[in-house]
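As a plain string of letters, each chain reads:
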Amino acid sequence: MTHIDSGAGLDPVHPVAPPSTGPAGLTRAEVAERVARGEVNDVPVRSSRSLGEIVRANVFTRFNAIIGVLWVVTLFVAPIQDSLFGFVILANTGIGIVQEWRAKKTLDSLAVIGEARPTVRRDGSAVRVPTSGIVLGDLVEIGPGDKIVVDGVCAEADGLEVDESLLTGEADPVVKHPGEQVMSGSFVVAGGGAFQATKVGREAYAAQLAEEASRFTLVHSELRSGISTILKYVTWMMVPAALGLVVTQLVVKSSDFKSSVARTIAGIIPMVPEGLVLLTSVAFAIGVVRLGRKQCLVQELPAIEGLARVDTVCLDKTGTLTEGGMDVTGLKPLDGADEGRVREVLAALGASDPRPNASLQAIIDAYPDGHSADVRPVSTLPFSSARKYSGAAFEEKDGKVAGWLLGAPDVLLAPDDPALAETGRLNEQGLRVLLLARAAHDLDGPDPARGARPVALVVLEQRLRPDAAKTLRYFADQDVQAKVISGDNAVSVGAVAHKLGLSGKAVDARRLPADPADLAKAVDRATVFGRVTPQQKREMVGALQSQGRTVAMTGDGVNDVLALKDADIGVSMGSGSEATRAVAQIVLLNNSFATLPSVVAEGRRVIGNITRVATLFLVKTVYSVLLALLVVCWQVEYPFLPRHLTLLSTLTIGVPAFFLALAPNTERARPHFVRRVMRYSIPGGLLAGVATFVTYLLARHHYTGADALAAETSAATLTLFLISMWVLAIIARPYTWWRLALVAAMGVAFLFVLTVPWLQDFFALRLVGNTMPWAAVGVAVVAAAALELVWRWVDRRFPV
């Protein structure tokens, strides 16, 4: 062991190897040979779904199978206009495939931009390659924040500490020495080194765990799971209603066989909310494309929805509220220390770290002569977010070894040290302060910082992001709480937060209670937290979630990884560490915190609009099932042909729903999607079904003769259209000019059908006489008024 002169500092723990002694890595020929043998890291690209999978997912669905069979039957037994519903389904499916393919291309192109590019050593030189470019036997260099992308064996270690918590659940970093195994999925928290790849591609441990989990998916969200639940209920309702309708129309009634088949199919088709799944997929896909244009990579599609539901955003200060870089604005020697000597030591500390963090990089920029300093590093102590300081030992001119520590003053010094008073005054100005101290103990001891003698304060100024204050105001206006969680000094963090408009006293996380219940209360009360360890960040996210909060976590450093993974939505900066980008659901490739409101807005657009259009689709499903049951009970012909319901669905649901699903929407996302949709759909569908059947029965008593059924159908169609239009008018609120124009255009289109002779013949719609058409209008007006009253009563009686 190398000793330091009395009272001076620091024993070496991690010898610094000469740069030329490390392995040279593979040669180009060896790489080519391994590529030829297929020994490459060919893991699936995240968010990738092939065109074939997209086509299968959109074409081979349960409801497409039902509608497809019915369409084929209709083509044989009825005129072409009764088969229009099949062509609509073909168009819808095509739209879904095209939009999802666009989203896939956007995701894949952004994934390439944001992909980690590990450093490998080949022919003695360090080169950056794509993750898929690593081959078996490659020597991969790693440093703080780097994700270990393949399995391997440690070849070099300079204070290398690896966090394996994402694999093992153990939060404490593991010190790695040459010859020890490193596993893909872990990440470096301190130090650096290199490892030799022993398992690549699907052979690697993390790839085996995550291959399926990381593939492109449109599920696992409240919205889509809610729609799946609704479709399950619809299937249960459809089966008995459809069977009863088939028996009634084909057996009980002795009408023409082809007409009976057509009317039976007309009763079954509208029970299927086939466009609802399509529009949800399209809304998500278009959201991905829109966000992609803003350099926002959505690694999991439900994250768009998830961030819109967030009510608490936890922000790491450095890299999120402040820009990554810093500037040294002052140097304050303590106790008569020589400033020239302090500058020399700071320069040497900067030169001794091959992978400096932002603070040390600012020191390197301010004192760039480290490599020419007349000192030689013999050991280093890499920076760790957990201990909050780094160090190095240098051999000086006289051959003695002196040890130095650089880090947080309130961690390195005793609480009563007079140097902390000056630190506090600087922190109150929002400045970041580092302490340079002379070490008094060996680094391999239990507490290297104990007894350290303060030598100088290094004052750093952080650059606030120009858009941070505006973004925080946006979240405040949207009732989303922002909590700043930082590893920096609490006073300094509080000053920065105050500049950005966040009020409240900063809390030192070292004084937070350990009990989860008490921690939850403390985290709920305060807004700004300093001196938070990586494990505490994770615990604080869990404490907020235990109170029913939906939590988003933003960050860019390795100390944010655990919290990002546990949060409901993890948001990483594109310039952040590989580990943070790997676990985050959203990556802001432009490193702009101001992009988050766009993601929230996109999520709210999707949720709010799909809730609207789901109500439209399910009102149709409810009245279709009810009409089928009423027809079975009354033993009468089904009132509609397929062409009638295709026309109604297109004008009152299909076309309007497409515009409403893609329209701007800033409503706050609310939970309980299924309950909110069904509480409107069920009463709306029941009223529409009863009113339509009442008009049909009145028409059956009014009309007689050979053409009576056509006249009865026309009257019932008029009532159903008017009620459906009123449902659309309610759903379209609050009105804007384009929404009013949309509703009016649908009404004009139906009026066009009723008045143009060839359209009357094509759709078999001709209103006969004056009495029954006006009666149909009267029934629709009463039903519309009842619908207004019932929906308002539902709002009061069953609030969500």
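Provided above is the structure to which this section pertains.
In this report, the structure presented in the accompanying data block is examined. (Residues numbered from 1 in each chain as written. Predicted model: local features only at pLDDT ≥ 70, side-chain atom pairs only at ≥ 80, totals over all residues. Heavy atoms only, no water.)

1. Regarding the overall build of the protein
Move 1: Broken down by element type, the protein carries 27 helices and 21 strands.
Move 2: In the protein, buried positions account for 56% of the 800 residues.
Move 3: In the protein, once contacts between residues fewer than 6 apart in sequence are set aside, the share between residues at least 24 apart is 74%. (Helix = DSSP H or I, 4+ residues; strand = E, 2+ residues; numbered from the N terminus. Buried < 20%, exposed > 50% of the residue type's maximum accessible area, 1.4 Å probe, protein only. Contact = heavy atoms within 4.5 Å.)

2. Remarks on the pairing of strand β13 (residues 401-407)
Move 1: Counting buried positions along β13 gives seven out of seven residues, so the element sits mostly inside the fold.
Move 2: Neither face of β13 is open: one carries V401, G403, L405 and G407, the other A402, W404 and L406, and all of them are buried.
Move 3: Where strand β12 (residues 389-395) and β13 come together, seven bridges link them in antiparallel fashion. From the neighbouring strand, Y389 faces β13, where its bridge partner is G407. (Pairing = 2+ DSSP bridges.)

3. Focus: the side chain of K388
Move 1: Among the secondary structure elements, K388 is positioned in the loop between β11 (376-381) and β12.
Move 2: Of the side chains bearing the opposite charge, D488 lies closest to the buried K388, which forms no salt bridge; the N-O distance is 6.8 Å.
Move 3: Other than its neighbours up to four places away in sequence, K388 contacts F383, G407, A408, V411, G487, R531, V532 and T533. (Lys, Arg positive; Asp, Glu negative; His and termini not counted. Salt bridge = Lys/Arg side-chain N within 4 Å of Asp/Glu carboxyl O.)

4. Focus: the pattern of salt bridges
Once their charged atoms are close, side chains differing in charge can pair, the charge on each being opposite to the other.
Move 1: One pass over the full model with this rule turns up 28 salt bridges.
Move 2: With a shortest N-O distance of 3.0 Å, E305 and R309 are connected by a salt bridge. Taken as a pair, E305 and R309 lie in helix α10 (residues 302-309) at a separation of four residues, close to a single helical turn. An identical accessibility class is assigned to E305 and R309; each is buried.
Move 3: The salt bridge partner of R425 is E422, with a shortest N-O separation of 2.4 Å. Residue R425 and its partner E422 are located together in helix α14 (residues 419-427), separated by three residues, close to a single helical turn.
Move 4: Judged by its relative accessible area of 47%, R425 falls in the partly exposed class.
Move 5: Each of D410, D508, R510, R511 and R531 takes part in one network of salt bridges that share partners.

5. Some points on the packing of aromatic side chains
For any pair of aromatic rings, the description consists of the separation of the ring centres together with the inter-plane angle of the planes.
Move 1: Summed over all chains, the structure comprises eleven aromatic pairs.
Move 2: Judged by centre distance (5.8 Å) and plane angle (50 degrees), the rings of Y233 and W236 are tilted. Of the two residues, Y233 and W236 both sit in helix α7 (residues 222-252), three residues apart, roughly one turn of that helix.
Move 3: A residue is classified by how much of its surface remains accessible, and Y233, at 36% relative accessible area, is partly exposed. (Phe/Tyr/Trp six-rings, centres within 6.5 Å; stacked < 30°, edge-to-face > 60°.)

6. Describing helix α3 (residues 62-77)
Given 3.6 residues per helical turn, the α-helix brings residues three or four places apart onto the same face.
Move 1: The terminal C-alpha atoms of α3, which comprises 16 residues, lie 23 Å apart, in line with the 22 Å expected from a rise of 1.5 Å per residue.
Move 2: Every buried residue of α3 is accounted for by F63, N64, I67, L70, W71, T74 and V77. Looking down the long axis of α3, one finds its buried residues gathered within 160 degrees of arc, a one-sided arrangement. Facing away from the buried side of α3 by more than 90 degrees, the exposed set consists of V69 and F76. (Expected span 1.5 Å × (residues − 1). Arc of directions from axis to C-beta.)

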